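Spelled out, the chains give:
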Amino acid sequence: MFPKQEKYSLSIKAYKNVFDSLYTSLCVFASSYVGNIDVAKDLVQDVFIKVWEDKIDFKSELAVKSYLYTAVKNRALDFLKSKRFKATDHMSVVELDHLNKESFYLKEVVIEEAATVIEEAINTLPNRCAQIMRLSIKELTNIEIAKQLEISVNTVKAQKKIAYKRLRPLLKEHFVLIAFVFSSSN
């Protein structure tokens, strides 16, 4: 006989913490399926409402995150298969099958996780360094960054050097995750 597993229920405080920490990532994740951030927000909100109203119990705290990503994926796929979506936008069966594949789902989860890790690390930088790194991630050149922020190219280079020095130790343990994301985006 197996030992009875404890159930993890979300208190209002835990629910709010989960919502605050995952809402944005889940919206971006849903948007990768539906291609519309407003629709993605609605889908994510639907999932959170269902979790709260149904008082869903989880095996552990870690299971909450996994459940939410899977629920959002399924909700997004249901939306894409719905009559309302099909009437306004045409997606081929092949495209729907691609989105439904586990590899696509896993890749999108990893990308969201990496983006969260990188953003948290960038948030530890001084304001100007953080601005420059965010523009750099968007693939702007040093010259373009300098023009946009109305600073010299040398200032951009110096701030990037400071940022890299500070980010390296923060992101070291996430190197494989980040490398995967950048290698799969090309």
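Located above this text is the structure these notes cover.
Definitions and cut-offs
Residues numbered from 1 in each chain as written. Predicted model: local features only at pLDDT ≥ 70, side-chain atom pairs only at ≥ 80, totals over all residues. Heavy atoms only, no water. Axes fitted to C-alpha atoms, helices over the stretch in contact; angles between N-to-C directions. Helix = DSSP H or I, 4+ residues; strand = E, 2+ residues; numbered from the N terminus. Parallel < 35°, antiparallel > 145°, perpendicular 65-115°, else oblique. Contact = heavy atoms within 4.5 Å. Nonpolar A, V, L, I, M, F, W, Y, C, P; charged D, E, K, R; others polar. Buried < 20%, exposed > 50% of the residue type's maximum accessible area, 1.4 Å probe, protein only. Lys, Arg positive; Asp, Glu negative; His and termini not counted. Salt bridge = Lys/Arg side-chain N within 4 Å of Asp/Glu carboxyl O.

Novice: Even after reading the chapter, I still don't get the packing of helix α7 (residues 127-137) against helix α9 (residues 153-171), so can you show me in this structure?
Specialist: Any two packed helices are characterised by the angle at which their axes cross and by the distance between the axes. It is at 9 Å that the axes of α7 and α9 come closest, and there the two elements cross at 95°. Relative to α9, the element α7 is oriented roughly perpendicular. Taking contact as the criterion, the partners of Arg128, Cys129, Ile132, Met133 and Ser136 in α7 are, on α9, Val156, Gln159, Lys160, Ile162, Ala163, Tyr164 and Leu167. Residue classes in the contact of α7 with α9 are distributed as eight nonpolar, two polar and two charged.

Novice: How do you make sense of the side chain of Lys160 when you look at a structure like this?
Specialist: Considering the arrangement of structural elements, one finds Lys160 in helix α9. Among buried charged residues, Lys160 stands out as having no salt bridge; its nearest opposite-charge side chain is Glu144, 9.3 Å away. In contact with Lys160, other than residues within four places in its own chain, are Ile132, Met133, Ser136, Asn142 and Ile145.

Novice: Just checking my understanding: could you explain the pattern of salt bridges for this structure?
Specialist: Pairs may arise between side chains of opposite charge once their charged atoms sit close together. As enumerated under the stated definition, the model contains three salt bridges in all. Its salt-bridge partner being Arg75, residue Asp46 comes within 3.0 Å of it at the nearest N-O pair. Of this pair, Asp46 sits in helix α2 (residues 37-53) while Arg75 sits in helix α3 (residues 61-81), and the two are 29 residues apart along the sequence. Of the charged contacts, one joins Asp54 and Lys50 as a salt bridge, the two residues approaching to 2.5 Å between their closest N and O atoms. Overall, Asp54 belongs to the partly exposed group, its relative accessible area being 41%.

Novice: How should the environment of Glu119 be read in this particular structure?
Specialist: Checked against the element boundaries, Glu119 lands in helix α6 (residues 102-122). The class for Glu119 is partly exposed, based on a relative accessible area of 31%. Between the C-alpha atom of Glu119 and that of Ala130, which follows or precedes it by eleven residues, the distance is 9.2 Å.

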